[in-house]
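Listed below are the residues making up each chain.
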Amino acid sequence: MLKNFILFLLISTFVNATISAQNKPADQPIKQIEEKPVKKTNQRPEKSQSKEKFDGADVKTMASQCVKLETDQGNIELEMFPESAPETVRNFLNLTAIGAFDTTAFSRIVPGFIVQGGNIATRETRTNELTRRAYRTIPDEPNPIKHERGIVSMARGDEPNTASSNFFILVGSGSHLDGTFAAFGRVTSGMETVDAINKMPAENEKPEKAVKIKTATIFPCTV
C-alpha cells in the first residue's frame, strides 16, 4: 500500500511539472528567420558606366585638343570651345577617343545650310557597347556662340537634353539656332571638304551616296 502511494506521488509530481513547463512563457520571443537572397555563383556583375578618357578633364585640357575627321572627300580639322559648352565638348572628345565616329556617314545634307554626321547607327560595324553609348544623352548647353559658317553644333530631338552623338557643321548662316543649340567647335581647316559634302546629290536631305568619316582622331592644337 505504501509503495503504491509513493508511486502515485511520483507520477503526480512528474505530470504537474510537465504542465507547468508548457504554460511558462518563454524568456525570449522567437525571432523570424530573415531569408537572405542567395547569390548565384555564376551571377553576372552589374554593368557600370565605364570611365572615358576625358571624364573629369578641365576646360584648359579639353581646349588644347583638336579633332581631325578623315573623310572620303578630304580632311576636316576642328577646334573645341569647352569654355562655352564643356559637357558637349567632353562628350564629343570621348566619342572620338573610343572610335565611335570611325566609318560613320554624313547622313543629312541641307544645301547651303549644314552637313550632319555622328550617327553611330551608320557605322559599318557596331558592338553592343557602342550601341548603348549611342543612347547616352547630354544636357543642353546653349551659349552666346553665333551659328555661322564653319561652326560645329550638336543636333538634338524636340525634347530638351536629348543630344547624344549627332553633330552638324554649318556652311551658311543659322542665326535662328543661336541660344537654342549647343555650338561647341569650329572648322579650322578643310572647309572646302565640308562644302564638297554639302554639294553631294541628295533627296529629301538624304545623300544618294553618303560621305564616310574613315577615321576621327584627336591631336594637340597648335597655337
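Here, the structure is the one placed above.
Worth saying up front: this structure is predicted, and the values here are computed from it rather than measured. (Residues numbered from 1 in each chain as written. Predicted model: local features only at pLDDT ≥ 70, side-chain atom pairs only at ≥ 80, totals over all residues. Heavy atoms only, no water.)

(A) Spotlight on the overall build of the protein. A count of helical and extended segments in the protein gives five helices and eleven strands. Counting over 223 residues, the protein shows a buried share of 38%. Sequence-distant contacts, at least 24 apart, represent 72% of the contacts inside the protein between residues at least 6 apart. (Helix = DSSP H or I, 4+ residues; strand = E, 2+ residues; numbered from the N terminus. Buried < 20%, exposed > 50% of the residue type's maximum accessible area, 1.4 Å probe, protein only. Contact = heavy atoms within 4.5 Å.)

(B) Local environment of empty space enclosed by the protein. Counted according to the given criterion, the structure contains one cavity of 30 Å³ or more. Estimated volume of the largest cavity: approximately 60 Å³. What lines the largest cavity is Thr88, Ile138, Pro139, Asp140, Glu141, Met154, Ala155, Arg156, Ala163, Thr180, Phe181 and Ala182. The residue inventory of the lining of the largest cavity, partitioned by class, reads seven nonpolar, two polar and three charged. (1 Å grid on protein atoms, 1.4 Å probe; cavity = no way out; pocket = protein on both sides within 12 Å on 5 of 7 lines; lining within 4 Å. Points joined across faces, edges and corners; volume = space filled by probe spheres on them. Nonpolar A, V, L, I, M, F, W, Y, C, P; charged D, E, K, R; others polar.)

(C) Representation of helix H3 (residues 86-97). With twelve residues, H3 extends 16 Å between its outermost C-alpha atoms, agreeing within 8% with the 16 Å of an ideal straight helix rising 1.5 Å per residue. With respect to burial, H3 is a largely interior element, nine of its twelve residues being buried. Just past H3, the residue glycine 99 takes up positive phi, approximately 80 degrees. (Expected span 1.5 Å × (residues − 1).)

(D) Structural view of the pattern of salt bridges. What the rule picks out here adds up to six salt bridges. Across the pair glutamate 87 and arginine 90 runs a salt bridge whose closest N-O atoms are separated by 3.1 Å. Residue glutamate 87 and its partner arginine 90 are located together in helix H3, separated by three residues, close to a single helical turn. In this structure glutamate 87 comes out as partly exposed when scored by relative accessible area, which is 32%. Of the charged contacts in the structure, one is a salt bridge between arginine 108 and glutamate 205, with a shortest N-O distance of 2.7 Å. In this pair, arginine 108 is assigned in strand S4 (residues 108-110) and glutamate 205 in the loop between strand S9 (202-203) and strand S10 (206-207), connecting sequence segments 97 residues apart. Taken together, the shared-partner salt bridges in this structure form one network comprising Glu52, Arg133 and Arg136. (Salt bridge = Lys/Arg side-chain N within 4 Å of Asp/Glu carboxyl O.)

(E) Focus on the sheet that holds strand S7 (residues 167-170). Pairing is antiparallel across the open sheet formed by nine strands, whose spatial order is S3-S11-S1-S2-S8-S6-S7-S5-S4. The outermost strands of the open sheet, each flanked by one partner alone, are strand S3 (104-105) and S4. Looking at chain direction, strand S6 (residues 151-154) and S7 are connected through three bridges and run antiparallel. Along S7, the bridge assignment pairs methionine 154 with phenylalanine 167. (Pairing = 2+ DSSP bridges.)

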